[in-house]
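# Structural features, examined
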Amino acid sequence: MVDRLSPRYEATLADGIDFTRPELPSFVEYIQGLSDSESWGRWSDADLAESVRIEMKVQLPNRFVLVFRSTAFGPNGGKSLTVRLGSQLHRFKLQAELSEYRKLIDLSDEKVSSIEFIPPKPTSPAELNIDADKRRLGIGLVELLFDANLENVNAEQLLMEAVYVVDKLSPRYEATL
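Conventions we followed
- Residues numbered from 1 in each chain as written.
- Predicted model: local features only at pLDDT ≥ 70, side-chain atom pairs only at ≥ 80, totals over all residues.
- Heavy atoms only, no water.
- Helix = DSSP H or I, 4+ residues; strand = E, 2+ residues; numbered from the N terminus.
- Buried < 20%, exposed > 50% of the residue type's maximum accessible area, 1.4 Å probe, protein only.
- Contact = heavy atoms within 4.5 Å.
- Polar contact = N/O pair within 3.5 Å; in protein donor to acceptor, adjacent residues only side chain to side chain.
- Pairing = 2+ DSSP bridges.
- Axes fitted to C-alpha atoms, helices over the stretch in contact; angles between N-to-C directions.
- Core = buried A, V, L, I, M, F, W, Y, C linked by side-chain atoms within 4.5 Å.
- Phe/Tyr/Trp six-rings, centres within 6.5 Å; stacked < 30°, edge-to-face > 60°.
- Lys NZ or Arg CZ within 6 Å of the ring centre and 35° of its normal.

## Focus: the environment of asparagine 62
- Here asparagine 62 shows up in the loop between strand E6 (52–56) and strand E7 (63–72).
- Taking the relative accessible area as the measure of exposure, asparagine 62 reaches 34% and is therefore partly exposed.
- Counting along the chain gives 45 residues from asparagine 62 to leucine 107, while the straight-line C-alpha distance between them is 5.0 Å.
- For asparagine 62, the residues in contact, after removing those within four places along its chain, are Ile105, Asp106, Leu107, Ser108, Asp109 and Glu110.
- Within the local environment of asparagine 62, its side chain forms a polar contact with the side chain of aspartate 109, the two groups lying 3.1 Å apart.

Structure below.
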């Protein structure tokens, strides 16, 4: 499937979004606030939109485990990333390393078909004297999925934010000139 965003690949919410791919999954209606794909994923870009908003063609399940892998850019590390799901706001402490975040979400029958990531302090590499790139970056997204298979989930552990450092060699900012 091809549309104004990119070619599409077949995937479910449980399969999620692989931000290392240049194309998007078929369940995505549109995305705002993300730069083009790079080999490791995509940066949020506050020059395009202050937040990353992903609108889906389908509703999210009422209960699921939100799973995303990301890294913080510059001064965003150690600060709280806000994630909006319908009327709910969830906060995750951003790690400088590539990390996996997991949280049990209960939408309580609210009909939700979008997710929004609000980076705490978008900053350009130019502001940090890294290079001339003026994009205001916040987080680097690698993967996002919505796991509704809760059979083997320890709900008590997931009520609190769970963070797993994936790799000390996380995506580092690389100029794409």
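## Quick notes on the sheet that holds strand E9 (residues 88–93)
- With antiparallel pairing, 5 strands are arranged side by side in an open sheet as E4-E6-E11-E8-E9. Each edge of the open sheet is held by one strand with a lone partner, namely strand E4 (28–32) and E9. Here the average twist between neighbouring strands, direction ignored, is 15 degrees.
- Across 4 bridges, E4 lies against E6 in antiparallel orientation. Of the residues in E6, the one forming a bridge with valine 28 is methionine 56.

## Section: the nonpolar core
- With 33 residues, the main nonpolar core has Ile54, Leu66, Ile115, Phe117 and Leu144 as its most contacted residues.
- Listing elements by their share of this core, those giving two or more residues are E4, E6, E7, strand E8 (80–85), strand E10 (98–106), strand E11 (114–118) and strand E12 (137–147).
- The residues contacting isoleucine 54, other than those within four sequence positions of it, are Ile17, Phe19, Val28, Tyr30, Ile31, Ser113, Ser114, Ile115, Phe117 and Leu144.
- Counting 6 residues, the second-largest nonpolar core is a separate cluster that includes Trp43, Leu98, Leu137 and Val142.

## Points about the side chain of asparagine 76
- On the secondary structure map, asparagine 76 appears in the loop between E7 and E8.
- A relative accessible area of 0% places asparagine 76 in the buried class.
- From its side chain, asparagine 76 meets the backbone oxygen of glycine 138 in a polar contact 3.4 Å long.
- Excluding residues that lie within four positions of it along the chain, asparagine 76 makes contacts with Leu94, Pro119, Pro120, Lys121, Pro122, Leu137 and Gly138.

## Focus on the packing of aromatic side chains
- Applying the stated criterion to the full structure yields 7 aromatic pairs.
- Ring geometry for tryptophan 43 versus phenylalanine 73: centroids 5.5 Å apart, planes at 80 degrees, classification edge-to-face. Taken as a pair, tryptophan 43 in strand E5 (residues 42–45) and phenylalanine 73 in the loop between E7 and E8 lie far apart in primary sequence, 30 residues in all. Summarising the burial analysis for this pair, tryptophan 43 and phenylalanine 73 share the class buried.
- Taking 5.3 Å as the distance between ring centres and 75 degrees as the angle between the ring planes, the aromatic pair formed by phenylalanine 68 and phenylalanine 117 counts as edge-to-face. Taken together, the residues span a long stretch of sequence, with phenylalanine 68 in strand E7 and phenylalanine 117 in strand E11 at a distance of 49 residues. Pair check on accessibility: phenylalanine 68 and phenylalanine 117 agree, each one buried.
- Seen from the ring of tyrosine 9, arginine 21 lies directly overhead, with NZ or CZ sitting 3.7 Å from the centre.
- Above the plane of the ring of phenylalanine 92 lies lysine 103, whose end atom (NZ or CZ) is 5.9 Å from the centre.

## Let's talk about unusual backbone geometry
- With phi around 50 degrees, serine 108 is a residue other than glycine that occupies positive phi space.
- With respect to the element layout, serine 108 can be found in the loop between E10 and E11.
- Positive phi outside glycine occurs at asparagine 129, with the angle close to 60 degrees.
- Its location among the elements puts asparagine 129 in the loop between E11 and E12.

Limitation: the analysis is restricted to geometry and does not speak to function.
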